[in-house]
Amino acid sequence: MKLAVVMDPIESINYKKDSTLAMLLEAQQRHYQLYYILPNDLYLQGAEARARVQSLQVNPDPQHWFELSAQQDISLSELDVILMRKDPPFDMNYIYATYLLESAEQAGVLVVNKAQSLRDANEKLFALQFPQCTPECMVSSSADTLKDFILTQKDTILKPLDGMGGQSIFRVKQSDPNINVIIETLTEHGQRLIMAQRFIPEIINGDKRILLIDGEAVPYALARIPGKGETRANLAVGGTAQGVPLSERDQWICEQVGPRLKKMGLLFVGIDVIGDYLTEVNVTSPTCIRELDTLYDLNISAVLMDKIEQKLKV
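Owing to the predicted nature of the structure, the values given are computational and were not obtained by experimental measurement.

Another aspect to go through is the overall build of the chain. Within the chain one finds 8 helices and 17 strands. Expected size for 314 residues packed as a compact globule is a radius of gyration near 20 Å; at 20 Å, the chain falls within 12% of this value. Expressed along its principal axes, the backbone C-alpha trace of the chain runs to roughly 60 × 45 × 40 Å. Residue pairs in contact within the chain that sit at least 24 positions apart in sequence constitute 66% of those at least 6 positions apart. Per element, the accessible surface of the chain, about 14,500 Å² overall, is 48% carbon and sulfur.

If you want it as C-alpha cells, here you go:
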C-alpha cells in the first residue's frame, strides 16, 4: 500500500495532539509505504497529476517523530491513497489543490476526504444542510440584516466562514456598543459573507467534538471547555478538554448527518455540538484522535485505515 499525506510542514506539528501523525503511525504499523507532500509540491503536467514527494518514516518519539528522504518526482497515479490533511484557511490555493487531487482520483487514487466534497462542504455553511439539528443562524454581508438578527436573538455569535481554531469569533449582545465596528471588520464593510448564530449558553459545559468515520460515530466525544472569561472553547485559545460519552441527542445528530457524509465520500469528519445543537461540520483536517485514544484506550486511526482498506477492495 502506498499512502501519501498532503499536510502543512510536519516539523511544526504538536506531537502530543496531532491527528495526522496518529494516522501515519497506524499506516506505518501496517507496513504501508508513506510519502510526504507539501501543498505547493502538487502540480499538473497536462492532464496528469504529479507531485514532488519525500519518502516518510514516522516515530513514536516526541523528540524525533519523522525522517524524510530526498525528494523525488512521481505521478500521483502511482499511489493508492492520499490523505488531504492541509489545515485551513480554505482559500483559493486550497481549492486549486483539490482540483489536482481530483485528477488523481480520476486516475484511480482514493483521496480522503473526497476532493469535490471538500469544496462542497464548507465547515460553517454545511451544517445548515441539517436545519433540524442547528440553532437559529444567518449568513449575510449586510450590516442591517445582521443587526436585525442580533436584535431578534439578543445574544449572538459572529464568525467568518473560513476560520479555524476560534479565530475572529465574536459574541455580540443586542446592547453591545461595538456592534457596528465588529460587523464592519468581519464583513470588510459589506464585502464578505459571515455567519451569525444564536448564542448557546450550554457552551459552559463544552463544545463537543464528535468524530465520524465513513458516517459512523466514535462513541465518545471530546468536550472542549472555555477558559474563565472566555466564550470560545477551542483548545487553540486556551480551552480545556474533557472526554464524555455520546448522549442520545448526540447520537441522533450523528444519525442525521452520517449518511450524507458517507454518500459524499467524507470518510473522516469532526462535527461540533454545543448543548443540543450542531454548529459545525469539519471536513478539512479534523483533530482530537490522540486525545480520545488516550482517554478511552481507543485506536481511532485503526478504524479509519480499516475503512480505507475496505474502499480499496471494492
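The next point concerns the sheet that holds strand E9 (residues 155–160). In space, the 4 strands of this open sheet follow the order E8-E11-E9-E10, with antiparallel pairing throughout. Each edge of the open sheet carries a strand with a single partner, namely strand E8 (137–140) and strand E10 (170–173). Averaged over all pairs of adjacent strands, the angle between strand axes in this sheet comes to 25°, irrespective of strand direction. Where E8 and strand E11 (residues 194–198) come together, 4 bridges link them in antiparallel fashion.

Counting buried positions over the 5 residues of strand E2 (residues 33–37) gives 4, a clear majority of the element. Summarising the sheet, strand E1 (residues 2–6) and E2 pair through 5 bridges and their orientation is parallel. Residue pairing across strands places Val 6 opposite Ile 37, the latter belonging to E2. Read from E1 through helix H1 (residues 19–29) to E2, the crossover connection turns out right-handed.

If you walk through the whole model with that rule in mind, you get 5 aromatic pairs. Ring plane angle 40° and centroid distance 4.8 Å describe the contact between Phe 90 and Tyr 94, whose orientation is recorded as tilted. Look at Phe 90 and you get partly exposed, because its relative accessible area is 23%. Ring geometry for Phe 126 against Phe 130: centres 5.6 Å apart, planes inclined by 90°, an arrangement best described as edge-to-face. Residue class for Phe 126 comes out buried when judged on its relative accessible area of 4%. Accessibility expressed as a relative area gives 4% for Phe 130, which makes it buried. Members of the aromatic cluster, connected to one another through ring pairs, are Tyr 15, Trp 65 and Phe 66. Looking at Arg 171, its charged tip hangs above the ring of Phe 199, at a distance of 3.7 Å from the centre. The lysine or arginine in question, Arg 290, covers the ring of Tyr 15, its NZ or CZ lying 5.2 Å from the ring centre.

Within the secondary structure, Lys 307 is located in helix H8 (residues 300–313). Lys 307 sits 93 residues away from Asp 214 along the chain, and the two C-alpha atoms are 7.4 Å apart.

This part covers the pattern of salt bridges. Side chains that differ in sign of charge can pair as their charged atoms come close. Going through the model one piece at a time under the given rule, you end up with 19 salt bridges. Put simply, Arg 50 and Asp 73 hold a salt bridge, and the shortest N to O gap is 2.8 Å. Of the two residues, Arg 50 is situated in strand E4 (residues 48–58) and Asp 73 in strand E5 (residues 66–75); the sequence distance between them amounts to 23 residues. Members of the salt-bridge network, linked through shared partners, are Glu 26, Arg 30, Asp 306 and Glu 309.

Moving on to the packing of helix H4 (residues 143–153) against helix H5 (residues 179–187). Put simply, H4 and H5 touch, their axes get as near as 11 Å, and they point 130° apart. The angle between H4 and H5 falls in the class oblique. Two packed elements cross with a definite hand, and for H4 against H5 that hand is right-handed. Residues Ala 143, Leu 146, Lys 147 and Ile 150 of H4 form the contact with H5, whose participating residues are Ile 179, Asn 180, Ile 183 and Thr 187. A per-class count over the contact of H4 with H5 returns 5 nonpolar, 2 polar and 1 charged.

A word on the environment of Arg 52. Residue position: Arg 52 is located in strand E4. Here Arg 52 falls in the partly exposed class, since its relative accessible area comes to 30%. Excluding residues that lie within four positions of it along the chain, Arg 52 makes contacts with Tyr 36, Ile 37, Asn 40, Asp 41, Tyr 43, Gln 71, Gln 72 and Asp 73. In terms of polar contacts, Arg 52 uses its side chain to reach the backbone carbonyl oxygen of Asn 40, at 3.4 Å.

Each neighbour pair has its own omega, and for Pro 88 with Pro 89 the value is 20°, a cis peptide bond. Inspection of the secondary structure assignment puts Pro 89 in the loop between strand E6 (81–84) and helix H2 (92–106). Going from Val 112 to Asn 113, the amide bond is cis rather than trans, its omega being 5°. Inspection of the secondary structure assignment puts Asn 113 in the loop between strand E7 (110–112) and helix H3 (115–120). Unlike most non-glycine residues, Ser 168 shows phi in positive territory, near 60°. In this structure, Ser 168 sits in the loop between E9 and E10. Looking at Ser 168, the relative accessible area reads 40%, which means it is partly exposed. With a phi close to 55°, His 189 is a non-glycine residue in the positive phi region.

So, how was this worked out
- Residues numbered from 1 in each chain as written.
- Predicted model: local features only at pLDDT ≥ 70, side-chain atom pairs only at ≥ 80, totals over all residues.
- Heavy atoms only, no water.
- Helix = DSSP H or I, 4+ residues; strand = E, 2+ residues; numbered from the N terminus.
- Rg over C-alpha atoms; globule rule 2.2 N^0.38 Å.
- Contact = heavy atoms within 4.5 Å.
- Areas by Shrake-Rupley, 256 points an atom, 1.4 Å probe, with all protein chains shown as cover.
- Pairing = 2+ DSSP bridges.
- Axes fitted to C-alpha atoms, helices over the stretch in contact; angles between N-to-C directions.
- Buried < 20%, exposed > 50% of the residue type's maximum accessible area, 1.4 Å probe, protein only.
- Right-handed = clockwise from strand over helix to strand, strands pointing away.
- Phe/Tyr/Trp six-rings, centres within 6.5 Å; stacked < 30°, edge-to-face > 60°.
- Lys NZ or Arg CZ within 6 Å of the ring centre and 35° of its normal.
- Salt bridge = Lys/Arg side-chain N within 4 Å of Asp/Glu carboxyl O.
- Parallel < 35°, antiparallel > 145°, perpendicular 65-115°, else oblique.
- Left-handed = near helix turned anticlockwise from the far one by under 90°.
- Nonpolar A, V, L, I, M, F, W, Y, C, P; charged D, E, K, R; others polar.
- Polar contact = N/O pair within 3.5 Å; in protein donor to acceptor, adjacent residues only side chain to side chain.

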